[in-house]
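Read off the chains here:
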Amino acid sequence: MRVLVANCSVEYQGRLGARLPPALRLIMLKADGSIAIHADAKAYKPLNWMSPPCTVTETAGRIVATNPGGEVLTVELHELLHDYVVELGDDPGLSKDGVEAEIQELLAKRVAALRDDLKLVRREYPTDIGPVDLLCRDGDDRAVVVEVKRVGEIAGVEQLLRYQERLDLDPSLAPTLGMFVATRIKPQAKVFALSRGVVCVEIDIDELRAGAPLDLRLF
């Protein structure tokens, strides 16, 4: 990655025209062929940018980026304060804390923490539209379909309902009960889930990791 700090002006020509007047800005040129111009505001969002792939050419005091669609971003460098290159190498990607796979694995070891009478049938139970996170049986031998999310949204409830619909075609499983489990479930998702007979359970990932009794929030 090449990083420049410069007093610069920027002009974009493409689907529309845009111009940034001279000011002190951060310019980032990445190995993927992108360029982004940042101010000391707007958080992560650049003032202007060109997505990869684009061709970057440089002459004295000027950087020009052109993409395959013919859009052109021109940066005029009026005063260059810093210019350096850093080899970042391959990035291993984002490792999220409390991701769904970890929650699923922890719950599989202690499904009774969700409800006293639950017993695990199988983790990643296969269906023709994808695997169910956890398939359990309750004290009445009813099949309980558990869908695990880090943050519960309507899309996750819909996914659970699709799994239930497929499993309900199997007489040995029907009728199934749906259980939607997450560290936080959004209000709209709770309302939708409850309207479809799905049990919502919010869990604490730290309690789950520690093996302590869970202070469950049931809806």
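Residues numbered from 1 in each chain as written. Predicted model: local features only at pLDDT ≥ 70, side-chain atom pairs only at ≥ 80, totals over all residues. Heavy atoms only, no water.

On the secondary structure map, G156 appears in helix α2 (residues 154-167). Overall, the relative accessible area of 6% leaves G156 in the buried class. For the pair formed by G156 and Y12, sequence separation is 144 residues and the distance between their alpha carbons is 40 Å. (Helix = DSSP H or I, 4+ residues; strand = E, 2+ residues; numbered from the N terminus. Buried < 20%, exposed > 50% of the residue type's maximum accessible area, 1.4 Å probe, protein only.)

Turning to the sheet that holds strand β5 (residues 55-59), a few remarks are in order. Spatially, seven strands are ordered β4-β3-β2-β1-β7-β6-β5 in an open sheet, and the strand pairing comes out antiparallel. The open sheet has two edge strands, β4 (48-50) and β5, and neither has a second partner. Going across the sheet, the axis of each strand differs from the next one's by a mean of 30°, ignoring polarity. As paired elements, strand β1 (residues 2-13) and strand β2 (residues 17-29) share eleven bridges and run antiparallel to each other. (Pairing = 2+ DSSP bridges. Axes fitted to C-alpha atoms, helices over the stretch in contact; angles between N-to-C directions.)

P53 follows P52 through a cis peptide bond whose omega is -5°. Relative to the helices and strands, P53 resides in the loop between β4 and β5. Of note, the amide linkage connecting A174 to P175 takes the cis form, showing an omega dihedral of -10°. Phi at E124 is positive, roughly 55°, even though this residue is not glycine. One can find E124 in strand β8 (residues 119-125). Notably, D141 is not glycine yet its phi reads approximately 65°, a positive angle. The topology assignment puts D141 in the loop between β9 (132-137) and β10 (143-152).

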